[in-house]
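Residue-level structural notes
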Amino acid sequence: MENKDLKIGFDNIIKGNKEWMEFVKNDATGRFQQLAKGQNPEILWIGCADSRVPANELTGTKPGEVFVHRNIANMVIHSDMSMLSVLDYAVNVLKVKHVIIAGHYGCGGVAASLSRKQYGIIDNWLGHIKDVYRLHSAEIDAIQEHDKKVDRLIELNVQEQVFNLCATSIIQNAWKERNDLAVHGMIINIGTGELIDQHCTFTNNDELGEVFAYK
């Protein structure tokens, strides 16, 4: 590489991997050898792509215990085949018991959706968050401080994405077959590390409304 900084950055990645390999080699529990044979996670985490919100660290779980999908602002969009594929595999093959939609305070994607500025192709993705604002504009517009507006939209966005997830045929068909699947909404406070329950857990489609609940 001609760029010195790029070479240093890449070398650090390789160095970090070698340190990790040494840790795996010296681990006496045998868990990594077991993980090499397969995975059996109980949690599907749908979170933001933000580098500050790693699922395992936030939940105190080990490798192999959380199946993860991440995108800008932890969105559940019904035409997103990547998200749907992860969801289908997690629910129907891995048989996870908990699906967590995890937003976080200080989310740049949500903040950007409250502005009129153009950022590029991501504007089309942020349009889905603007739809959440449209549904709750009276409440959000009544908040005076901009940061608090963003925080409230972050909370409401998580709640809407939980609903969107529960409205998928994947989740609803799973509920027909089993009673051990829950969908939760949570907010991460990056400064404290706290996961804040948004009290919008669903374990069936009874509260989705007639139009959204499949027979």
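Conventions we followed
Residues numbered from 1 in each chain as written. Predicted model: local features only at pLDDT ≥ 70, side-chain atom pairs only at ≥ 80, totals over all residues. Heavy atoms only, no water. Disulfide = S-S within 2.5 Å. Buried < 20%, exposed > 50% of the residue type's maximum accessible area, 1.4 Å probe, protein only. Helix = DSSP H or I, 4+ residues; strand = E, 2+ residues; numbered from the N terminus. UniProt positions renumbered as here; feature names shortened; annotations may be inferred. Pairing = 2+ DSSP bridges. Axes fitted to C-alpha atoms, helices over the stretch in contact; angles between N-to-C directions. Contact = heavy atoms within 4.5 Å.

Describing the state of the cysteines
A complete count under the given rule lists zero disulfides for this structure. Take Cys166: it sits in no disulfide, and the sulfur closest to it among the cysteines is that of Cys200, at 8.4 Å. Taking the relative accessible area as the measure of exposure, Cys166 reaches 0% and is therefore buried.

A look at unusual backbone geometry
Of note, Ala73 is a non-glycine position whose phi angle comes to about 70°, a positive value. If you check the backbone angles, His199 has positive phi at about 55° while not being a glycine. Along the chain, His199 turns up in the segment after strand 5 (194-197).

A word on the UniProt feature "binding site: Zn(2+)" (unreviewed entry) in the protein chain
The UniProt record marks Cys48, Asp50, His104 and Cys107 with the feature "binding site: Zn(2+)" (unreviewed entry), using the residue numbering of this structure. Across 60 residues in sequence, these annotated residues keep their C-alpha atoms within 9.1 Å of one another, forming a single compact spot. You can see Cys48 is positioned in strand 1 (residues 43-48). Owing to a relative accessible area of 5%, Cys48 belongs among the buried residues under this scheme.

What about the sheet that holds strand 5?
Pairing is mixed across the open sheet formed by five strands, whose spatial order is 2-1-3-4-5. The outermost strands of the open sheet, each flanked by one partner alone, are strand 2 (66-71) and strand 5. Each strand of the sheet is rotated relative to its neighbour by a mean of 30°, with strand direction disregarded. Pairing of strand 3 (residues 98-104) with strand 4 (residues 182-189), which is carried by seven bridges, proceeds in the parallel orientation. Across the sheet, Ala102 pairs through a bridge with Met186, a residue of strand 4. Packing of helix 8 (residues 146-166) onto the sheet brings it into contact with strand 1, strand 3 and strand 4, and relative to strand 4 it is tilted by some 160°.

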